[in-house]
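Reading the structure
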Amino acid sequence: MTPVLVVEAVAGAVVAAGAVRVAWVDCRRREIELETLTAVVVAAAAALWLEGGAARIGLSAGCAAALVAPLALAVRGGVIRRPGAGDWPLMAACGFLAAGQLLVFAAVLACAGLGAAVVSSRRRRRALLRSRFPLAPPALLAAVAAFFARNACPGGFW
């Protein structure tokens with residue numbers, strides 16, 4: 001095995017395991033574990049560095065900013081409710097992971113987010129789609145799916 005493949009395999013394992021850990025902690029404690037989220041982003045950056053160098057990382061960081069900025073404006077304008085404190089770095093990390101396969105990210109997030117909202121409403125015995133739910137499980141599922149689809153799906157941004 002070449003060193004590049006080893007780094008990519010280790011980075012993929014760290015991304016997947018870290019995403020599961022962040023989602024689990026968010027479900028249990030309703031907080032985002034920023035240390036693990038940072039490890040996920042660093043591992044993803046290592047894999048992206050091998051694929052395209054600093055330009056690829058820069059494009060991914062730009063995608064993260066492009067994802068968070070409209071949400072911040074919508075919150076400031078009162079269009080949507082303010083997310084939890086850890087959800088801002090979570091959304092940026094998801095944008096970083098999903099860069100290049102935003103359609104995969106959006107499709108999986110729509111389905112998984114709707115499912116998580118329904119399950120959360122049922123468990124709390126509240127009106128359907130009227131209660132808050134942990135964002136990390138559906139968001140990280142979508143981001144990790146897009147991250148691993150970056151080389152498998154044609155029609156990505158790069």
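For the structure given in this document, a descriptive report is provided here. All of these numbers come straight from a predicted model, not from anything done at the bench. (Residues numbered from 1 in each chain as written. Predicted model: local features only at pLDDT ≥ 70, side-chain atom pairs only at ≥ 80, totals over all residues. Heavy atoms only, no water.)

1. Comments concerning unusual backbone geometry
One non-glycine residue, R30, adopts positive backbone phi at about 60 degrees. Tracing the backbone through its elements, the reader meets R30 in the loop between helix 1 (3-29) and helix 2 (34-76). In this model, R125 sits at a positive phi of 55 degrees, which is unusual for a non-glycine residue. Relative to the assigned elements, R125 resides in the loop between helix 4 (102-124) and helix 5 (136-148). (Helix = DSSP H or I, 4+ residues; strand = E, 2+ residues; numbered from the N terminus.)

2. Things to note about the packing of helix 1 against helix 5
Interhelical geometry of helix 1 versus helix 5 gives an angle of 170 degrees and a closest axis separation of 9 Å. One finds that helix 1 runs roughly antiparallel with respect to helix 5. On helix 5, the residues that touch G12, V15, A16, A19, V22, A23, D26 and C27 of helix 1 are A136, P137, L140, V144, F147 and F148. Of the residues in the contact of helix 1 with helix 5, the class split is 12 nonpolar, one polar and one charged. (Axes fitted to C-alpha atoms, helices over the stretch in contact; angles between N-to-C directions. Parallel < 35°, antiparallel > 145°, perpendicular 65-115°, else oblique. Contact = heavy atoms within 4.5 Å. Nonpolar A, V, L, I, M, F, W, Y, C, P; charged D, E, K, R; others polar.)

3. A look at a nonpolar patch on the surface
Taken together, the side chains of V4, V7, W49 and L50 make up a nonpolar region of the molecular surface, amounting to roughly 350 Å² of accessible area. Of all the secondary structure elements, the ones that give two or more residues to the nonpolar patch are helix 1 and helix 2. Mapped onto the elements of the fold, V7 is located in helix 1. (Patch = residues over 30% accessible without salt bridge, like charges linked within 9 Å, V, L, I, M, F, W, Y side chains within 5 Å. Areas by Shrake-Rupley, 256 points an atom, 1.4 Å probe, with all protein chains shown as cover. Salt bridge = Lys/Arg side-chain N within 4 Å of Asp/Glu carboxyl O.)

4. So, the packing of aromatic side chains
Under the criterion given, the structure shown has one aromatic pair. When the ring of F147 is compared with that of F148, the centres are 5.5 Å apart and the planes differ by 70 degrees; the resulting orientation is edge-to-face. The exposure class of F147 is buried, given its relative accessible area of 2%. (Phe/Tyr/Trp six-rings, centres within 6.5 Å; stacked < 30°, edge-to-face > 60°. Buried < 20%, exposed > 50% of the residue type's maximum accessible area, 1.4 Å probe, protein only.)

Keep in mind these numbers describe shape, not what the thing actually does.
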